[in-house]
Amino acid sequence: MSSSDDDIVQRTVSAKREAERLKDKIKKKKEALSDTTLAQAALKVDPLPRLTMKVRRTLKGHLAKIYAMYWAEDRRHLVSASQDGKLLVWDAYTTNKIFAIPLRSSWVMTCAYAPSGDFVASGGLDNICSIYNLKTPEGPKRPARELAAHSGYLSCCRFINNDRILTSSGDTTCILWDVDVGQKLEEFVDHTGDVMSLSISPNPNIFCSGACDATAKIWDIRLGKCVQSFSGHESDINAVQFFPNGNAIGTGSDDASCRLFDLRADRELNIFSHEQIFCGITSIAFSISGRLLFGGYDDYNCHVWDTLRGDRVGILSGHENRVSCLGISSDGMALCTGSWDHLLKIWT
């Protein structure tokens, strides 16, 4: 080994030491500014009564495991993706199927509804985000656009509007696309593991991502880079969701915990776990007020948490296999859960 190689190794080691020292300094400074914890502040808040939600609708039609679902902004329609190779658009009031869209690849992992209600999107192990136009006279038989640039599976896609969509991938990146042109506008690189989930803030310039490097990151589209990073989970983060006011994010992980991170305090506010829960979380959603956090778990249940006090306030048991996806309708009146038992259930 030459002396220049030795020099590089030494410089790397000292840079790592310096980084650790600075991290420690930042941590101490944060702790000095922390005058209370959310748990202490929430002691004055009355505990929530036990949650009593019931299944009001069961949506039957998929012939294989359901992997993803997403509500339309109109509070009535939703889209679901299953490994039967179909994307189904449902009327949640009547339980009727509006569209059955055949997918090129049945290995689907995500789906999304555009805010306008005109488009749905999906993607998976084909590495492609396929956009379908629901308003064409002949119906959405084939993709209107196929967005291809990721070199790994597509784990999540979310519309910002009709013209812009964000995707996350197993290639560790997120990409912002121009749907009209079918081109990549921006690539977001900072994670060191597969990115599993995305959520767009109420401020559409900001989004968050969760990955297998056990971190959740906040990104600013205008700057094209990561502006905040949250660690604390001990395993892959499978789901992230912005708090309704955009000042915090929720995360769900394979370490059997959900966590709440605050963007302004730049720290973890709460951890939602139970000594009898050992399985991972696949998906999360906040109630419209943010007081409740719903988590879809591998134990076939949806566990409901009080975000302030950290208590578990309900268990929704209705599925016969893993709860793989869930979502709250835009008016906050209904929860939809999707499962590997091939069923979607609407709870209120």
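Residues numbered from 1 in each chain as written. Predicted model: local features only at pLDDT ≥ 70, side-chain atom pairs only at ≥ 80, totals over all residues. Heavy atoms only, no water.

Peer 1: Would you mind showing me how to read the sheet that holds strand E7 (residues 119-124) here?
Peer 2: Sheet strands associate in pairs through backbone hydrogen bonding, adopting either a parallel or an antiparallel arrangement. Strand order in this open sheet of four strands is E6-E7-E8-E9, and the pairing throughout is antiparallel. This sheet does not close on itself; its edge strands, each paired only once, are strand E6 (108-113) and strand E9 (145-148). Averaged over neighbouring strand pairs, the angle between their axes works out to 20 degrees when direction is ignored. Here E7 runs beside strand E8 (residues 128-133); their pairing, made up of five bridges, is antiparallel. The residue bridging Gly-123 from the neighbouring strand is Cys-129, located in E8. (Pairing = 2+ DSSP bridges. Helix = DSSP H or I, 4+ residues; strand = E, 2+ residues; numbered from the N terminus. Axes fitted to C-alpha atoms, helices over the stretch in contact; angles between N-to-C directions.)

Peer 1: Can you walk me through empty space enclosed by the protein in this structure?
Peer 2: Which parts of space are left empty comes out when a probe the size of a water molecule is rolled across the atoms. For the structure shown, the criterion picks out one cavity of 30 Å³ or more. Its boundaries defined by the atoms lining it, the largest cavity holds a volume of some 60 Å³. As for the largest cavity, its lining consists of Leu-103, Arg-104, Ser-105, Trp-107, Val-108, Ser-122, Gly-123, Gly-124, Asp-126, Ser-130 and Tyr-132. Of all the secondary structure elements, the ones that give two or more residues to the lining of the largest cavity are E7 and E8. Of the residues assigned to the lining of the largest cavity, the class counts are four nonpolar, five polar and two charged. (1 Å grid on protein atoms, 1.4 Å probe; cavity = no way out; pocket = protein on both sides within 12 Å on 5 of 7 lines; lining within 4 Å. Points joined across faces, edges and corners; volume = space filled by probe spheres on them. Nonpolar A, V, L, I, M, F, W, Y, C, P; charged D, E, K, R; others polar.)

Peer 1: I'm lost on the pattern of salt bridges in this one. Help?
Peer 2: Proximity of charged atoms lets side chains of opposite charge pair with each other. On inspection of all chains with the given rule, the structure shows 16 salt bridges. Two residues, Glu-20 and Lys-23, come together in a salt bridge whose shortest N-O distance is 3.7 Å. Here Glu-20 and its partner Lys-23 are both found in helix H1 (residues 3-33), three residues apart, which amounts to about one turn of the helix. Taking the shortest distance from any N to any O, the salt bridge between Asp-298 and Arg-322 comes out at 2.9 Å. (Salt bridge = Lys/Arg side-chain N within 4 Å of Asp/Glu carboxyl O.)

Peer 1: Teacher, can you tell me more about the nonpolar core here?
Peer 2: The tendency in soluble globular proteins is for nonpolar side chains to be buried side by side. By size, the foremost hydrophobic cluster in this structure holds 16 residues, and its most contacted members are Cys-258, Leu-260, Leu-293 and Tyr-297. If you list the elements that add at least two residues to this core, you get strand E20 (258-262), strand E22 (281-286) and strand E23 (292-297). Looking at this core, the element that brings in the most residues is E22, giving three residues. With sequence-adjacent residues up to four places away left out, Cys-258 is seen in contact with His-233, Thr-251, Gly-252, Asn-270, Ile-271, Phe-272, Ile-281, Ile-284, Leu-293 and Tyr-297. (Core = buried A, V, L, I, M, F, W, Y, C linked by side-chain atoms within 4.5 Å. Buried < 20%, exposed > 50% of the residue type's maximum accessible area, 1.4 Å probe, protein only. Contact = heavy atoms within 4.5 Å.)

Peer 1: I would appreciate a short explanation of the pairing of strand E17 (residues 225-230) in the present structure.
Peer 2: Here is the key point about a regular strand: its side chains alternate between the two faces of the sheet. The pairing of strand E16 (residues 216-220) with E17 spans five bridges and is antiparallel. The residue of E17 that forms the bridge with Trp-219 is Cys-226. Taken together, E16 and the strand that follows it, E17, pair antiparallel across an intervening segment of four residues, in which Gly-224 is found at a positive phi of about 70 degrees.

Peer 1: Teacher, can you tell me more about the environment of Ile-328 here?
Peer 2: You can see Ile-328 is positioned in strand E26 (residues 323-328). For the pair Ile-328 and Ile-288, spaced 40 residues apart in sequence, the C-alpha to C-alpha distance is 7.9 Å. The residues touching Ile-328, leaving out its near neighbours within four places in the chain, are Trp-71, Ala-285, Phe-286, Phe-294, Ala-334 and Leu-335.

Peer 1: Quick question: what am I supposed to make of the layout of surface pockets here?
Peer 2: Roughly 550 Å³ of volume is contained in the second largest pocket. Forming the walls of the second largest pocket are 13 residues, and the residues nearest its centre are Lys-27, Lys-30, Ser-229, Ser-231 and Asp-266. Of all the secondary structure elements, the ones that give two or more residues to the lining of the second largest pocket are H1, E17 and strand E21 (267-272). A per-element tally of the lining of the second largest pocket places H1 first, with six residues. Of the residues in the lining of the second largest pocket, the class split is three nonpolar, two polar and eight charged.

Peer 1: How should I be thinking about the packing of aromatic side chains in this particular structure?
Peer 2: Ring pairs (aromatic) are described by centroid distance and by the angle formed between their planes. With the rule as written, the count across this model stands at seven aromatic pairs. Its end group placed over the ring of Trp-340, Lys-65 keeps NZ or CZ at 3.8 Å from the ring centre. Sitting over the face of the ring of Trp-340, Arg-322 holds its NZ or CZ atom 4.3 Å from the ring centroid. (Phe/Tyr/Trp six-rings, centres within 6.5 Å; stacked < 30°, edge-to-face > 60°. Lys NZ or Arg CZ within 6 Å of the ring centre and 35° of its normal.)

Peer 1: What should I look at first to understand the side chain of Ser-201 in this one?
Peer 2: Considering the arrangement of structural elements, one finds Ser-201 in the loop between strand E14 (195-200) and strand E15 (206-211). Here the side chain of Ser-201 touches Asn-203 through a polar contact of 3.0 Å, landing on its backbone nitrogen. Leaving out residues up to four positions away in the same chain, Ser-201 has contacts with Ile-206, Phe-207, Phe-242 and Gly-246. (Polar contact = N/O pair within 3.5 Å; in protein donor to acceptor, adjacent residues only side chain to side chain.)

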